[in-house]
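# Residue-level structure breakdown
Listed below, chain by chain, are the residues.
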Amino acid sequence: MFDDLSLVFNYTLFRATLRASTPILYATLTCILTQQADILNVGVEGIMLCGAFTAVAVSYFSGSWLLALLAAVAVGTVIAAVMALAHLRYKADIFVVGMAVNMLALALTRFLLQKVLGTSGSFYDRAIVPLPRIHLALLDGNEVLRSLFNDYSLFEPLGILLVFFLSWLLYRTVWGLRLRSVGLNPLAAETAGIPVFRRKFEVMLYSGVVGGMAGAYLSLGYSRLFAENMTNGRGFMGVAAMFFGGGDPIRSWIGCLIFGFTDSIGSRLQSLGLPPQFILMIPYVATISILALAMGRKMAAQRRARSALK
Amino acid sequence: MSQPIVVMEAIVKDFPNVRAVDGGRFDLRAGEVHSLIGENGAGKSTMMKTLYGLYAPEEGRIVVRGRSFEALTPAGAISLGIGMVHQEFMLVRELTVLENIILGFEPRKSGGRIDFAEAEGRVRRFIDDYGLHIQLHKKVNAISVGEAQRVEIIKALYRGAEILILDEPTAVLTPQEASRLFEILKTLTASGKSVVFITHKLREVMALSDRVTVMRQGRHVATVDVSATSIPDLARLMVGRDVFLGVSRADGGAAGDVVLSVEDVFVPSDKELSKLRGVSFELRRGEILGLAGIDGNGQSELVEAIAGLRPVEGGRIRLGQGEIQNRSPLEVRAAGLAHIPEDRNARGLNRAMSIEENLAGMAFRRAPLSRGPLLVVGALRRFARRLIETFDIRPARPEAPAAHLSGGNAQKVVVAREVDEEAQVLLAAQPTRGVDVGSIENIRRELVRARDRGTAILLVSADLEEILSLSDRIAVMYEGQITGLLDAEGADEESLGLLMTGGALP
Ligand SMILES: Nc1ncnc2c1ncn2[C@@H]1O[C@H](COP(=O)(O)OP(=O)(O)OP(=O)(O)O)[C@@H](O)[C@H]1O
Ligand SMILES: [Mg+2]
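Procedures and definitions
Residues numbered from 1 in each chain as written. Chains lettered and ligands numbered in written order. Predicted model: local features only at pLDDT ≥ 70, side-chain atom pairs only at ≥ 80, totals over all residues. Heavy atoms only, no water. Helix = DSSP H or I, 4+ residues; strand = E, 2+ residues; numbered from the N terminus. Rg over C-alpha atoms; globule rule 2.2 N^0.38 Å. Buried < 20%, exposed > 50% of the residue type's maximum accessible area, 1.4 Å probe, protein only. Contact = heavy atoms within 4.5 Å. Areas by Shrake-Rupley, 256 points an atom, 1.4 Å probe, with all protein chains shown as cover. Domains from an automatic or database assignment. Buried area = accessible area lost by both parts, 1.4 Å probe. Salt bridge = Lys/Arg side-chain N within 4 Å of Asp/Glu carboxyl O. Polar contact = N/O pair within 3.5 Å; in protein donor to acceptor, adjacent residues only side chain to side chain. Nonpolar A, V, L, I, M, F, W, Y, C, P; charged D, E, K, R; others polar. Donors = N, O, S within 2.8 Å, 3.2 Å for Na, K, Ca; no water. Disulfide = S-S within 2.5 Å. Pairing = 2+ DSSP bridges.

Attention now moves to the overall build of chain B. From N to C terminus, chain B includes 17 helices and 22 strands. Taking 23 Å as the expected radius of gyration for a compact globule of 506 residues, we find that chain B reaches 24 Å, a close match to that expectation. Counting every position in chain B, which comprises 506 residues, the buried fraction comes to 56%. Counting contacts in chain B only where the partners sit at least 6 residues apart, residues at least 24 apart contribute 67% of the total. Working note: accessible area of chain B is about 20400 Å², and carbon and sulfur atoms make up 49% of it.

Many structure descriptions define interface size as the accessible area lost when the parts assemble. Residues and elements named next belong to chain B. In terms of domains, chain B is made up of domain 1 (4–239) and domain 2 (258–343 + 423–500). Taken together, the 18 residues of domain 1 in the interface contact 11 residues of domain 2. With both sides pooled, the region where domain 1 packs onto domain 2 buries about 1200 Å², and carbon together with sulfur makes up 57% of that total. Inspection of the region where domain 1 meets domain 2 yields 0 salt bridges. Here domain 1 is connected to domain 2 by 2 residue pairs in polar contact (both at pLDDT 80 or more). Considering only residue class, the side of domain 1 that touches domain 2 consists of 10 nonpolar, 5 polar and 3 charged.

Bringing the pattern of salt bridges into the picture now. Residue and element names in this part refer to chain B. With the rule as written, the count across this model stands at 40 salt bridges over all chains. Lys 193 is paired through a salt bridge with Glu 162; the nearest N and O atoms lie 3.3 Å apart. With Lys 193 in the loop between helix H6 (175–190) and strand E8 (194–198) and Glu 162 in the loop between helix H5 (145–158) and strand E7 (163–167), the pair connects residues that are 31 residues apart, well separated along the chain. A residue is classified by how much of its surface remains accessible, and Glu 162, at 32% relative accessible area, is partly exposed. With a shortest N-O distance of 2.5 Å, Glu 356 and Arg 381 are connected by a salt bridge. One end of the pair, Glu 356, is in helix H12 (residues 355–359); the other, Arg 381, is in helix H13 (residues 377–390), and 25 residues separate them in sequence. Residue class for Arg 381 comes out partly exposed when judged on its relative accessible area of 30%.

Moving on, we get to the coordination of the magnesium ion (ligand 2). Residues and elements named next belong to chain B. Taken together, Ser 45 (OG) and Gln 87 (OE1) make up the full set of protein donors to the magnesium ion (ligand 2), lying 2.0 to 2.3 Å away. Residue Ser 45 is located in helix H1 (residues 44–51), and its partner Gln 87 is located in the loop between strand E6 (82–85) and helix H3 (97–102); the two are separated by 42 residues in the primary sequence. Judged by relative accessible area, which is 18%, Ser 45 ranks as buried.

This part is about the state of the cysteines. Residue and element names in this part refer to chain A. What the rule picks out here adds up to 0 disulfides over all chains. Cys 31 provides the cysteine sulfur closest to Cys 50, a residue in no disulfide bond, and the two sulfurs are 16 Å apart. Given the relative accessible area of 10%, Cys 50 is considered buried. Considering cysteine sulfurs only, Cys 31 is the nearest to Cys 256, which forms no disulfide, with 9.0 Å between them.

What follows is about the sheet that holds strand E11 (residues 258–267) of chain B. Residue and element names in this part refer to chain B. Ordered in space as E12-E11-E14-E15, the 4 strands form an open sheet in which the pairing is antiparallel. With one partner strand each, in any of the chains shown, strand E12 (276–284) and strand E15 (322–323) form the two edges of the open sheet. When strand E14 (residues 314–319) meets E15, the two strands line up antiparallel, connected through 2 bridges. Bridge pairing in E15 places Leu 319 opposite Gly 322.

Next up, the structure:
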C-alpha cells in the first residue's frame, strides 16, 4: 500500500492540481468581482454551464475556438445583465435570482443539447476545436520538465495572470478603490459622488464576461465535450473559495488550489481501491476543515490581542 | 452685509407618508457660521441633505453663487464647493483614513493607478494648515469618534469645500474634543469658508454662530442674529412653548440596598485604553450613579460587560442575589436589568421593524402583550400608543417603520422601552445623545422618576452637565479604571475634568 503512495504523490501532481483548480479559479474570479460590490453571485454555476454549452456548440459548428470563446462570453454577459437588472433595478434578492439562473441553466442546456446537437447526456465530436495549448519545443527533451511546464491550455496560465491583475486592479487603481467603497459602504461612496448603481451594474457585466470564460475553459480547455451538469458544483466551490479568501484574489486562489489538490489526490486514490464514496467527500471535507482551521486561528489571535489580563 | 452665497427657497421634500420639509428656507453668507436648530424630526438633516444633493426636493429652488438649481447631485454639490459632515459618519470602516479622504477624487498616475504619495502630500497640507491631527494610515475602525470627525472635515476640505455643513457634530464629542472643533471652525471661517452648524446645544449656538435659523415641523420659523437673541428665546422658537432648561436635581431619598455590585472586573477590548483592569463599585436601590470620562476609557466596555454583551475575564458582577458575568443578555435582563445602549442603530433598534414592535421588544414576552405563543394585537397597539404619547415620539404612528425615524426620535423609542421595563437596574448609556432640548427635559425627567420608584441607574454620559445635574454619586473612569468616586454635592466640572484626564484631586 505504501509503495503505491508514490503513484499518488509525485511531480505530476503539480500539473494535475493546476488543471483541476482552473475551472474553480475562473468561478472564483467571477464572484470576487461582484462580491467587492457586495453582490453575492451564486449564479456563477449557471453562467458557467451556459458558457460551456455555447462554447462547444459554436466551436462544433464554426470550427473556431475564438468564435466559441466570444460566444460564451457574450452569453455570460447577457445572463449577468439580466441578473443585474432583476437585482439592482427591480430589487429582487440576488440569492434567489442566482439560484433561478442555476436551475434554468441546467434545464435549458439539457433541452438545447437535444434540439441543437441532437443528443442527450453528453456530446463529443472530433469537429469540436479546443482552446489552443502552449507548446514549447524546448522542453520536449526532458520528461519531468515537459510534464511540469509544457502544453498548458491557454487559459491555465491566463487564469493565474488574471489573479494578479485583479489584485492590482482592486488595491492599486482608482477603479478598485471606488469599487471596494461601493461594496463596503454604498452611502459613503454615494456622498463621494460615485454612481453606485452604475458601478454595481458594470461589475456584474464584467463578472458575466469572466463567467463565460469559465464555461468556455471547462468545455474546451479542461475537457473537449459538453455533458449535462458538467459544472458539477464547481461554481459553488468557486463561491466557497471566494469566502475562504475573504474576497481577496490571491487568497481565494489559494483556496482554489486546495480544491484542485484534493480533487487530484482523490482521483488517484480511487485507483488504489479506496471506496469512491469517501474519495468524493475529500474536497468538501477539506474545505470545511480548512475554513474551520483558519477561523479558529484567527479568533484565538484576536482573543489574545484583546485580553485585559496581561 | 455680504451677498448670500447660498439661498434655499420654498423647499418641499416628501418621504412616504411624511412631508419632512414644507416650505423650508435658508441662506448662507460668506465667512459666517450659521446654525440650524429645531426639534427632532424638524427636518434639519433633510434640508441640508437637499443642499448636498442627496435628496431632490419636490418643490423649491436652490441658488448657489448666483446659479439656480431645481435639484443637485452629490457630485454637483461637491463641484460647487459644498461639503457635508453627516450626522452618521460616511466613512468606509475597512479602508484607511487616507483612502477615505481621497475617495472619488484620487490623484492618478498612469494606468489608472492611485498616486498615494501625491495624495498624502495634499492631505498633509490641510492637516498642517488647520491643525487637524489625524493618523492617515490607520483603518477607520481603529480610530476614535473625534478623530473620525476630523477625517470627515478634512475629506470635505480636500474636495474643495468652501461651504461646510456639519450635522450635529458635537453630539458624539467629549467637551475637550468639542472645544477643539470650535477652534478648527474659527480657523476655517477666518480663511473665508462658511459653515452650517446643526445642533441641539443652544450654548454652542450662542458661542459659535453669527446667525441662527429655527425650524419646526418642516417649516422655517425664524432666522435671527445671535447678538439679538438668547437661549430661552431660541428654545421657545424651537418648541413653540416655554422650556425649562436646567433640570432640577431633586435628590432621591436615602439610597437603599446594594442591587448591583461589580467586583474587580477585567474585560477585554480592541483598544488598549479601553480594557477594564480591576473595576469595582456598588450601585444602590434608588440612586443614580453617574459615570464620567472621556470617550474610550472603558465606559462602553463596562456597560457591555454588565449587560452580557462582552465577556468578563476576571472578577464578579452581582445583580440582586445572583452572579451575572458571562451570562447571555436575555438571562441578565431576566435577572432584572434594562439597558439603553449607546449605539441606537446597531443595538437599540431593529430598523427593519415598526415603532410598535421596537417598543414592545421586551414587554412582548409577557402578558398582557402575549398569551402563550400568541401576540395580543390590541394590547400591543395600546401599549405602543401609551409610550408614544408619554415620550412624545414622532411620527405618532405605531406602525411606522423605525428606519424612517429621525435621530432623536429613534433615541426616544429606545429610552421609552427600557425605562418602561421598571427593572431593578437600568444602564443608561448616552441617553440624550442627539436629542432636542424639549425631549432631553422629558427623558431626564423619566430617569429621575424611575429612580424615585426605586430603580438603580448607572448613567454614562459624555455630557458633564448631564452627569452633574442627574447623579447622586459620580464615578470617573480613566484608562479602564475608576479613578474617583465622589458625592454629587462636592463635584463640579473642574474636579471631574481633572480626574477624567488622569489627574488626582488635591
Ligand atoms: N429616508 C427617510 N425616509 C422616510 N422618512 C424620513 C427619512 N429621513 C427622514 N425622514 C422623516 O423626515 C422627518 C425629518 O427628518 P430629519 O432627519 O430631517 O430630522 P432632523 O431635524 O434632522 O431631526 P434630528 O434632530 O432628530 O436628527 C422626520 O419625520 C423623519 O422621520
Ligand atoms: Mg438630523
